[in-house]
Amino acid sequence: MINFFAGLFALAFGIGLALWICGSMLDKSNNIGDSRGDSKTYNAEATFTSKCNRMEKTECTTYVQHNLITNDTNGPSGTEQVRRLTEEERRKKAEAEKKANIPKGAFVSKNTSAEDKYDVPDWEKRAERYY
Amino acid sequence: MATLCRNCSHALVFDPVSQMMLCSACGSEFTPEEVESEAKAYRLDLRAEDASEVYNSDEEEFMDCYVYSCSECGGEIIINGTEASTMCVYCGNPNVVFSRIARQKQPEFVMPFKITKTQAVMLARDTIKKGAFVPRAIKNFSIDCCRGIYIPYWIVNATYYDTMIFEGSVNEGKKSVKRYFGRTGYLKFKDLPVDAAKVISDDSSSKLEPFDLNHLKAFDEDYLAGFYSNVSDVTYSDVRWAALERGKEFFIKAAEKDIDAFDCKVVDSYPSVDVDTDMKYAMLPAWFITFRYKDQPHTILVNGDTGKVVCALPWKKALFSILVTVIALTASVLSFFIFKEMFTSMFASGRNLDKGDMRIMLFIIIGIGTLFSTGVANVKRVMKNIRLTQDKAMFSFTKKRQG
């Protein structure tokens, strides 16, 4: 009996180990360049506005109902081909964003432009729009 | 229309080594910015004829195809609706037909090729040669064709929102129980390149990342001379979908790091993404090297800026099977004596198994399961990526180019 169980465990371990070693070797040998930009590459740091730990299954629905973010995107229709914005559209968009970011009742000086707070990377300044 | 050398009127091509426009006839070099040629003005008036009208045919091969005349030899150039630069099949001169496209659809940026064709092939061969399981026929592959293609990308800023429920195991007292974890939040990402050519799968093109955006230059058609290029043909929904997929991937990774549980998996998710419509349109360089192995088409991608090689290749199945068998047998025989010793001491003189013994048994079973699943997952990942390398659409995307 002991021999049977030892043999069974040994066989399973042997096959498992062989698959793990050979699978890793195969991945390294034949799967070339299988990586892409991660969250650090795109400064994508997650901010959690709500967390709940160790819930029971029944509590999940309540959690979702209380925390669901409904985000209305007023973007162009999905079937429209992507295109560059015109100067006019870009100016209007910047103005709208600026308005949306001003807290109600705040004093705004007259000579601030919409692009004031946007940190433009060097490569982007090479574009025609900054000439 | 080719950009001509101002000294000898031969067609100029962009040279990735010197980053200059090079004349192969007289050896003159010019920076793309200083070539203010008549060609650029000519391109604005460039008119194409519909191929189906020219040939008076409704055949599928002429659908969405346009006919131009080569500016050098007058030969016929046939391109499809998304191509922006090509070579003349008769004289081999580069022809850029970019300005037929509305200005708003022209890219803002271009990342010039830094890797030459010879370097790209050498990089691919060197990388493949290192593979222990790669068949010899693939290591010495003969190139079917090698094309330098500028892939259109939209560089996207977006905010991803999600409410996710995770299921994970935690220790409560001496037991391991399943519990649920909620995470709501957002993440903003900047300058994510989203491939804008429908024919190339996002899975393949995203592997060319990362691109160093500091190498981007203001768009100039002259960078396209000597290379092939495509224009964007994706919709807002395609871009949103791509941003959503990447956002989800980043969000899950961040949440898993934040949750104190093991075997975590997503059981419910309510994602949405807000993509900034002011996207930057750029052309990024890639070499497409195609070859055939056992009648199957294969395409190797090489990042034209960094030289990163992307492909997954079929493996020597016999060698793999022998290696698995040898390792499995050796490990089984060796571990048999260890397990036998262990079980003998556990079941010695008819004593019952205590909690410590049970824990050891559980640990061994979980360990074996993990080895199995990790090994199988690795093989599955290789197989999935092989299917991408063997993608017929990508092969014909490269192969169908004129020249």
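Here, the structure is the one placed above.
Residue positions within a chain follow its written sequence, with the count starting from 1. Numbering of ligands from 1 and lettering of chains from A proceed in the order in which they are written. Restriction of local features to residues with pLDDT of at least 70 applies here, the model being predicted, together with a cutoff of 80 or more for giving and counting side-chain atom pairs; totals for whole chains, interfaces and linings are based on all residues. To get the side-chain values, take all heavy atoms of the structure and skip hydrogens and water.

1. Examining the packing of aromatic side chains
Note the following rule: Only Phe, Tyr and Trp rings take part, Trp by its six-membered ring, and two of them pair if their centres are within 6.5 Å. Stacked means planes under 30 degrees apart, edge-to-face means over 60, and tilted covers everything else. Numbering of helices and strands runs from the N terminus; a helix is a DSSP stretch of H or I covering at least four residues, while a strand is a stretch of E covering at least two. The buried label applies to any residue whose accessible area, calculated with a 1.4 Å probe on protein chains only, is under 20% of its type's maximum; exposed applies above 50%, and partly exposed to all values in between.
According to the stated counting rule, one finds 23 aromatic pairs over all chains in the structure shown. The interplanar angle of 35 degrees and the centroid separation of 6.3 Å between the aromatic rings of Tyr42 of chain A and Phe250 of chain B together place this pair among those described as tilted. With Tyr42 of chain A in the loop between strand S1 (31-32) and strand S2 (46-55) and Phe250 of chain B in helix H6 (residues 236-258), the pair connects residues from two separate chains. Its relative accessible area of 4% is what places Tyr42 of chain A among the buried residues. Classification of Phe250 of chain B by relative accessible area gives buried; the value is 3%. Chaining the aromatic ring pairs together yields one cluster made of Phe9 and Phe13 of chain A together with Phe339 and Phe343 of chain B.

2. Thoughts on empty space enclosed by the protein
Condition: Only protein atoms enter the calculation, which uses a 1 Å grid: trapped sets of points that fit a 1.4 Å probe without letting it out are cavities, open sets showing protein on both sides within 12 Å along at least five of seven lines are pockets, and any residue with an atom within 4 Å of a point is a lining residue. Grid points are joined across faces, edges and corners, and a volume is the space filled by probe spheres set on the points. For this scheme, ten residues count as nonpolar: Ala, Val, Leu, Ile, Met, Phe, Trp, Tyr, Cys and Pro. Four count as charged, namely Asp, Glu, Lys and Arg, and the remainder, Gly too, count as polar.
A full pass over the atoms with the stated rule returns one cavity of 30 Å³ or more. The space that makes up the largest cavity amounts to roughly 100 Å³. Surrounding the largest cavity, 13 residues form its lining, Ser204, Val310, Cys311, Leu388 and Thr389 of chain B being those nearest its centre. Counting only elements with at least two residues in the lining of the largest cavity, the list comes to S1 of chain A together with strand S17 (296-303), strand S18 (309-312) and helix H8 (355-389) of chain B. The residue makeup of the lining of the largest cavity, split by class, is seven nonpolar, five polar and one charged.

3. With respect to the interface of chain B and chain A
Short version of the rule: Should any heavy atoms of two residues lie within 4.5 Å, those residues are counted as being in contact. In this description, buried area is defined as the sum, over both parts, of the accessible area (probe of 1.4 Å) that is lost when the two are combined. Just to be clear on terms, a salt bridge is a Lys or Arg side-chain nitrogen sitting within 4 Å of an Asp or Glu carboxyl oxygen. Counting of polar contacts relies on pairs of N or O atoms within 3.5 Å, with two restrictions inside protein: one atom must be capable of donating a hydrogen and the other of accepting it, and residues adjacent in sequence are counted only when both atoms are side-chain atoms.
If you look at the interface, chain B gives 109 residues, while chain A gives 85 residues. Together chain B and chain A conceal approximately 8,800 Å² of surface at their shared face, both sides included; 62% is due to carbon and sulfur atoms. Across the contact surface, chain B and chain A share nine salt bridges. A salt bridge links Lys51 of chain A to Asp258 of chain B, with the nearest nitrogen and oxygen atoms 3.1 Å apart. The tally of links between chain B and chain A comes to 36 residue pairs in polar contact (both at pLDDT 80 or more). The element contributing the most residues to the side of chain B that touches chain A is strand S11 (residues 175-195) of chain B, with 15 residues. Among the residues making up the side of chain B that touches chain A, the classes are represented as 60 nonpolar, 25 polar and 24 charged.

4. Thoughts on the pairing of strand S16 (residues 280-293) of chain B
Residues and elements named next belong to chain B. For the record, the criterion: Pairs of strands are assigned from DSSP output, requiring at least two bridges between the strands.
Extensive coverage of S16 is indicated by the burial of 13 of its 14 residues. Pairing between strand S9 (residues 109-110) and S16: two bridges, direction parallel. Across the sheet, Phe109 pairs through a bridge with Ala282, a residue of S16. With 11 bridges connecting them, strand S10 (residues 145-172) and S16 associate as antiparallel partners. From the neighbouring strand, Pro152 faces S16, where its bridge partner is Met283. As paired elements, S16 and S17 share eight bridges and run antiparallel to each other. Each bridged residue has a counterpart across the sheet, and for Thr290 the counterpart in S17 is Thr299. Counting the residues that bridge the hairpin from S16 to S17 gives two residues, and of these Lys294 lies at a positive phi of roughly 50 degrees.

5. Observations regarding helix H3 (residues 117-129) of chain B
Residue and element names in this part refer to chain B. What counts here: Between the first and last residue of a helix there are one fewer steps than residues, each counted as 1.5 Å, and that sum is the expected span. What the arc describes is the spread of directions from the helix axis to the C-beta atoms.
For H3, spanning 13 residues, the distance from its first C-alpha to its last is 18 Å, which sits close to the expected 18 Å at 1.5 Å a residue. Those residues of H3 that sit buried are Ala120, Val121, Ala124 and Ile128. The buried residues of H3 occupy an angular sector of 95 degrees when the element is viewed end-on, so they sit on one face. Within H3, the exposed residues directed more than 90 degrees away from the buried face are Thr118 and Met122.

6. Here we look at the sheet that holds strand S2 (residues 20-23) of chain B
All names here are of chain B. Across the sheet, three strands lie side by side as S1-S2-S3; this open sheet has antiparallel pairing. Edge strands, defined here as strands with exactly one partner in the open sheet, are strand S1 (12-15) and strand S3 (29-30). Looking at chain direction, S1 and S2 are connected through four bridges and run antiparallel. Bridge pairing in S2 links Leu12 to Cys23.

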